Amino acid sequence: MTFQGSGPLDTSTVSGGGGGGGGGTRIALGGGAGLIITIVALLFGINPGDITGGSGTGAPAGNNSSQSAIDEHIRSCTIEKANTDDICRITATVNSVNKVWAEQMQGYSPPQTKIFSNSVNTGCGAASSSTGPFYCPADQTAYFDPSFFATLKQMGGSDGPLAQEYVVAHEYGHHVQNLTGALRKGQRMGSQGPKSGSVRVELQADCLAGVWAYHADKGPNAMLEPLTDDQIASVIQTAKAIGDDTIQGANSNPEGWTHGSATQRQRWFTIGYQGGDPSRCDTFATNDL
């Protein structure tokens, strides 16, 4: 178990995906370098087709029946179900992350969250399950296909509940960056390279996820049970698994990095988790990433 308590969850900002905003070219999205480019494009509010030159070969957006089924599933979620059900776990984590950031950041306003299956249209263009979780600043929405968690395990990440919650908290970190202007700052610093804006944005989001983890089990109304060393280790394992050098393998070239190395991702999550101070997450103020 991770969540404590009982009763319904706030689902006011969470809904089934498919059929949302974003016109423009639809493209088929693959893994590897293509996946990385696509996530960077979506995060920076760019239609991925503008980068890759896609031309209408992508999967169609989710249909209304699948969206309705996900909506119904979301409405059925309770705190108890969040400990055993991926969709409800995403929803409960949204509740927890919004609670923490409302306390930590003056003027915080929550994003929308779309839980989808297979494909979705967004304010940044069309995306599919192979994109992985992402945040689109153009519509201030975080997108999740729960099937990603199985893919994450195949990549060497953990399938533990806190590791999955870290993924949600990381995307919400991007929303915090959108509110503070860090995303725009990152855009001006480039999308590839070991000290690029993209790497700084991603490492800061890891740090902000650590800030959430520090606060999420504190206080009388905390949604999470006290976190254990093993649960934190599952997050560290996952952060390492999605480092650029881990994904790219032995021939990894730092000049092509967009998210940071396994060591860097582990380090910045830990910085956020040690004390829960968002001011320590300023990856733009140092070259010691």
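Check the entry above for the structure.
Residues numbered from 1 in each chain as written. Predicted model: local features only at pLDDT ≥ 70, side-chain atom pairs only at ≥ 80, totals over all residues. Heavy atoms only, no water.

**Things to note about the overall build of the chain**
When its secondary structure is counted, the chain shows eleven helices and six strands. Out of the 289 residues belonging to the chain, those deemed buried represent 55%. Per element, the accessible surface of the chain, about 11,500 Å² overall, is 48% carbon and sulfur. (Helix = DSSP H or I, 4+ residues; strand = E, 2+ residues; numbered from the N terminus. Buried < 20%, exposed > 50% of the residue type's maximum accessible area, 1.4 Å probe, protein only. Areas by Shrake-Rupley, 256 points an atom, 1.4 Å probe, with all protein chains shown as cover.)

**Regarding the nonpolar core**
Among the nonpolar cores identified, the biggest contains 59 residues, and Trp101, Tyr166, Trp212, Leu224 and Phe269 are the most heavily contacted of them. The element contributing the most residues to this core is helix α8 (residues 197–216), with ten residues. Not counting chain neighbours up to four residues away, the residues in contact with phenylalanine 269 comprise Tyr166, Asp206, Cys207, Ala209, Gly210, Ala213, Ile232, Val235 and Ile236. Membership of the second largest hydrophobic core comes to seven residues, among which are Val120, Ala127, Phe134 and Tyr143. (Core = buried A, V, L, I, M, F, W, Y, C linked by side-chain atoms within 4.5 Å. Contact = heavy atoms within 4.5 Å.)

**Topic: the state of the cysteines**
Applying the stated rule across the entire model yields three disulfides. Covalent S-S linkage joins cysteine 77 and cysteine 88, the inter-sulfur distance amounting to 2.1 Å. Measuring the twist about the S-S bond at about -85°, one finds the cysteine 77-cysteine 88 disulfide to be left-handed. Taken together, the residues cysteine 77 in the loop between α3 (64–75) and α4 (86–104) and cysteine 88 in helix α4 connect sequence positions eleven residues apart. In this structure, cysteine 77 and cysteine 88 share a single accessibility class: buried. (Disulfide = S-S within 2.5 Å.)

**Describing the pairing of strand β2 (residues 112–115)**
Of the two faces of β2, the one holding Thr113 and Ile115 is buried and the one holding Gln112 and Lys114 is not buried anywhere. One ladder, built from three bridges, connects strand β1 (residues 14–16) with β2; its direction is parallel. Looking across to β2, one finds that glycine 16 is bridged to isoleucine 115. (Pairing = 2+ DSSP bridges.)

**Focus on the pattern of salt bridges**
Enumeration according to the criterion identifies six salt bridges in this entry. In this structure, lysine 99 and glutamate 103 form a salt bridge, with 3.3 Å as the shortest nitrogen-oxygen distance. Taken together, the residues span about one helical turn, with lysine 99 and glutamate 103 both in helix α4 at a distance of four residues. A relative accessible area of 28% means that lysine 99 is categorised as partly exposed. Accessibility expressed as a relative area gives 54% for glutamate 103, which makes it exposed. Between arginine 267 and aspartate 288 there is a salt bridge, with its nearest N and O atoms 3.8 Å apart. Here arginine 267 is found in helix α11 (residues 262–273), whereas its partner aspartate 288 is found in the segment after α11, with 21 residues between them in sequence. (Salt bridge = Lys/Arg side-chain N within 4 Å of Asp/Glu carboxyl O.)

**So, α4**
For α4, built from 19 residues, the straight-helix expectation of 27 Å at 1.5 Å per residue is met to within 8% by its first-to-last C-alpha distance of 26 Å. Across the 19 residues that make up α4, a large majority, 14, are buried. Where α4 begins, the capping side chain belongs to aspartate 85, and its oxygen is found 3.1 Å from the backbone nitrogen of isoleucine 87. (Expected span 1.5 Å × (residues − 1). Polar contact = N/O pair within 3.5 Å; in protein donor to acceptor, adjacent residues only side chain to side chain.)

**A short note on the packing of helix α9 (residues 229–241) against α11**
Between α9 and α11, the shortest axis-to-axis distance is 7 Å and the interhelical angle comes to 145°. For the pair α9 and α11, the crossing hand works out as right-handed. Between α9 and α11, the contacting residues are Ile232, Val235, Ile236, Ala239 and Lys240 on the first element and Ala262, Arg265, Gln266, Phe269, Thr270 and Tyr273 on the second. In the contact of α9 with α11, the residues fall into seven nonpolar, two polar and two charged. (Axes fitted to C-alpha atoms, helices over the stretch in contact; angles between N-to-C directions. Left-handed = near helix turned anticlockwise from the far one by under 90°. Nonpolar A, V, L, I, M, F, W, Y, C, P; charged D, E, K, R; others polar.)

**As for the side chain of asparagine 178**
Assignment of secondary structure puts asparagine 178 in helix α6 (residues 161–180). Given a relative accessible area of 13%, asparagine 178 falls into the buried group. In this structure the side chain of asparagine 178 is engaged in a polar contact, spanning 3.0 Å, whose partner is the side chain of tyrosine 135. Not counting residues within four places of it along the chain, the set of residues in contact with asparagine 178 comprises Tyr135, Pro137, Gln140, Leu183 and Arg184.

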